[in-house]
Amino acid sequence: MQDHNGTIENEELHGFLKDLMELVQQDYDSDDIAFMRHAILDQWDLNRDGRINKSELSMLLLQQSRMAQEEEGTTSASTEQDTGE
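Residues numbered from 1 in each chain as written. Predicted model: local features only at pLDDT ≥ 70, side-chain atom pairs only at ≥ 80, totals over all residues. Heavy atoms only, no water.

As recorded in an unreviewed UniProt entry, the protein chain goes by the name EF-hand domain-containing protein, listed as coming from Paralvinella palmiformis.

Here we take up the side chain of Glu-56. Take Glu-56: it is sitting in helix α3 (residues 54-83). When sequence neighbours within four positions are dropped, the list of residues in contact with Glu-56 reads Trp-44, Asp-45, Leu-46, Asn-47 and Arg-51. (Helix = DSSP H or I, 4+ residues; strand = E, 2+ residues; numbered from the N terminus. Contact = heavy atoms within 4.5 Å.)

What follows is about the packing of helix α1 (residues 10-24) against helix α2 (residues 30-44). Where α1 contacts α2, the axes come no closer than 10 Å and their chain directions differ by 110°. The pairing of α1 with α2 is recorded here as roughly perpendicular in orientation. Residues Leu-13, His-14, Leu-17, Lys-18, Leu-20 and Met-21 of α1 form the contact with α2, whose own contacting residues are Asp-32, Ile-33, Met-36, Arg-37, Ile-40 and Leu-41. Of the residues in the contact of α1 with α2, the class split is eight nonpolar, one polar and three charged. (Axes fitted to C-alpha atoms, helices over the stretch in contact; angles between N-to-C directions. Parallel < 35°, antiparallel > 145°, perpendicular 65-115°, else oblique. Nonpolar A, V, L, I, M, F, W, Y, C, P; charged D, E, K, R; others polar.)

Before going further, it helps to examine the pattern of salt bridges. Under the criterion given, the structure shown has three salt bridges. Between Arg-51 and Asp-49 there is a salt bridge, with the nearest N and O atoms lying 3.9 Å from each other. Since its relative accessible area comes to 32%, Asp-49 is described here as partly exposed. (Salt bridge = Lys/Arg side-chain N within 4 Å of Asp/Glu carboxyl O. Buried < 20%, exposed > 50% of the residue type's maximum accessible area, 1.4 Å probe, protein only.)

So, about α1. Two residues of an α-helix separated by three or four positions point the same way, owing to the 3.6 residues in each turn. Over its 15 residues, α1 extends 21 Å from the first C-alpha to the last, a length consistent with the 21 Å expected when each residue adds 1.5 Å. Of the residues making up α1, those classed as buried are Glu-12, Leu-13, Leu-17 and Met-21. Close packing links the buried residues of α1 with β1 (7-8) and α2. (Expected span 1.5 Å × (residues − 1).)

Mapped onto the elements of the fold, Glu-22 is located in helix α1. Overall, Glu-22 belongs to the partly exposed group, its relative accessible area being 40%. At a separation of 3.0 Å, a polar atom in the side chain of Glu-22 contacts the side chain of Tyr-28. (Polar contact = N/O pair within 3.5 Å; in protein donor to acceptor, adjacent residues only side chain to side chain.)

Time to look at the confidence of the model for the protein chain. A residue-level look at the protein chain finds 82% of positions with pLDDT of 70 or above and a mean pLDDT of 83. In the model of the protein chain, α3 stands out as the element of lowest mean pLDDT, 78, in contrast to strand β2 (residues 52-53), which has the highest, 92. (pLDDT = per-residue confidence, 0-100.)

Next up on the list: the nonpolar core. Ile-8, Leu-13, Leu-17, Met-21, Ile-33, Ile-40, Leu-41, Trp-44, Ile-52, Leu-57 and Leu-60 form the largest nonpolar core, which has 11 residues in total. Taken together, the elements giving at least two residues each to this core come down to α1, α2 and α3. At four residues, α2 tops the list of elements feeding residues into this core. (Core = buried A, V, L, I, M, F, W, Y, C linked by side-chain atoms within 4.5 Å.)

If you want it as structure tokens, here you go:
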């Protein structure tokens, strides 16, 4: 979205994925970024234009947030069961 066209594509997408990979794992390479690019475009590029637009990005981030909350709830419930609370 650096070029203000309302989508993440090409170098912008590469930079975005690189930033994401740095959050997820310390040791990554270009193959990891390429895999992530393919996975995100395959799952979230709903109009198949090779770009992620604002609505596609919003859906991706909302789903990731929900998954993190569910995982956190599962982890909390598991911890409570383990401690007998």
